[in-house]
Amino acid sequence: MSDVIKIAVNGAAGRMGQRVVALASADKQLKVVAGYESAESPRIGLDAGELAGVGKLGAAISAEIGSHPDVVIDFSTPEGCMTILKQCAPRGIPLVVATTGLTSQQKKLVEEAAQTSPILMAPSMSLAVNIAMKLVGDAGRALKDHSTGVDVEIIERHHRFKEDAPSGTALKFGEIVAREMGQDHHVHGREGRTGQRPRNEIGYHALRVGDNVGEHTIVFGLLGETLEVAVRGQSRDSYAAGALTAAKFLATKQPGLYSMADALKL
């Protein structure tokens, strides 16, 4: 592989895909060589750079992988992710899975594909979010055996167009809390006479408002005081930049399943 990493973007016509293309076009370490969309997309044949507003890059949008990119970044849909996974795995092409909302079965297919291709899968590409995950893990370990108990609630906000709830990032925060503190009961919202809050519960609350690109607040409620870890995205560029960091990390790796913690050395 040359010093310049050739990347392709699955979901190149989407909001996130366009930002990945735009930021990559300004990075001297990267070259956008292709974009992918479903075969039914009206954007097939268009140039990914022109679509992203950065001028022609010679990166046509197609439905299938043609020339061999060094890395593919997937910001599409669960179905689109599975489609590109089937093309990358047999050819050993590294794949950054930034798509959220995957089912358990789909995640299993990603894990199986990692036997033949380097794959990085993460619920969020954001640097700040991944640092927040480390902080939440640290807090959970410190509070696990607190004498009066600790109540954990996870509140997330995203734009009105997001199709899955809670967000994959919120669920990952809950997974971290459960691993460190032992809660095994996950509740999504509350209604009616729910009774006293169980000690083994993690609560999730999903807000869908306007064009919010993503906020997460993890609340640790103690008797007499409260600890909150909050992270807020101001633009989609934070996620796009993280995906490019992941691509650079993955380009030289052997087959296996990696995380953003690996890419960021957290």
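Quick notes on the rules
- Residues numbered from 1 in each chain as written.
- Predicted model: local features only at pLDDT ≥ 70, side-chain atom pairs only at ≥ 80, totals over all residues.
- Heavy atoms only, no water.
- Helix = DSSP H or I, 4+ residues; strand = E, 2+ residues; numbered from the N terminus.
- Buried < 20%, exposed > 50% of the residue type's maximum accessible area, 1.4 Å probe, protein only.
- Contact = heavy atoms within 4.5 Å.
- Areas by Shrake-Rupley, 256 points an atom, 1.4 Å probe, with all protein chains shown as cover.
- Lys, Arg positive; Asp, Glu negative; His and termini not counted.
- Charge placed at Lys NZ, Arg CZ, Asp CG, Glu CD.
- 1 Å grid on protein atoms, 1.4 Å probe; cavity = no way out; pocket = protein on both sides within 12 Å on 5 of 7 lines; lining within 4 Å.
- Points joined across faces, edges and corners; volume = space filled by probe spheres on them.
- Nonpolar A, V, L, I, M, F, W, Y, C, P; charged D, E, K, R; others polar.
- Patch = residues over 30% accessible without salt bridge, like charges linked within 9 Å, V, L, I, M, F, W, Y side chains within 5 Å.
- Salt bridge = Lys/Arg side-chain N within 4 Å of Asp/Glu carboxyl O.
- Axes fitted to C-alpha atoms, helices over the stretch in contact; angles between N-to-C directions.
- Parallel < 35°, antiparallel > 145°, perpendicular 65-115°, else oblique.
- Left-handed = near helix turned anticlockwise from the far one by under 90°.

A.B. asks: Explain the overall build of the protein to me, and be specific about the residues and the numbers.
C.D. replies: What the protein contains, in helices and strands, is eight helices and twelve strands. On the principal axes, the C-alpha backbone points of the protein span a range of 60 × 40 × 30 Å. For the protein, the proportion of its 266 residues judged to be buried stands at 48%. Within the protein, contacts between residues at least 6 apart in sequence are counted, and of these 70% link residues at least 24 apart. Surface accessibility of the protein: about 13,100 Å² in total, with carbon and sulfur atoms responsible for 49%. Averaging the coordinates of the 29 positive side-chain charges in the protein and doing the same for the 30 negative ones gives two points 3 Å apart.

A.B. asks: An account of the layout of surface pockets is requested, with residue identities and associated values reported.
C.D. replies: Of the volumes computed, that of the largest pocket is approximately 1,100 Å³. Along the walls of the largest pocket sit 41 residues, with Phe-75, Ser-76, Thr-77, Thr-99 and Thr-100 positioned nearest its centre. At the level of secondary structure, the elements contributing two or more residues to the lining of the largest pocket comprise α1 (15-25), α3 (78-88) and α6 (168-181). With six residues, the top contributor of residues to the lining of the largest pocket is α3. Among the residues making up the lining of the largest pocket, the classes are represented as 15 nonpolar, 19 polar and seven charged.

A.B. asks: An account of a nonpolar patch on the surface is requested, with residue identities and associated values reported.
C.D. replies: Taken together, the side chains of Leu-127, Ile-131, Leu-135 and Leu-266 present a nonpolar region at the surface, about 340 Å² in accessible area. Within the element layout of this structure, Leu-127 appears in helix α5 (residues 127-143).

A.B. asks: Outline the packing of α5 against α6, listing residues and values.
C.D. replies: Running from amino to carboxyl end, α5 crosses α6 at an angle of 25 degrees, the nearest separation of the two axes being 8 Å. Between α5 and α6, the angle is such that the two are roughly parallel. The hand of the α5/α6 crossing is right-handed. Between α5 and α6, the contacting residues are Val-129, Ala-132, Met-133, Val-136, Gly-137, Gly-140, Arg-141 and Leu-143 on the first element and Thr-169, Lys-172, Phe-173, Ile-176, Val-177, Glu-180 and Met-181 on the second. Of the residues that constitute the contact of α5 with α6, the class distribution is nine nonpolar, three polar and three charged.

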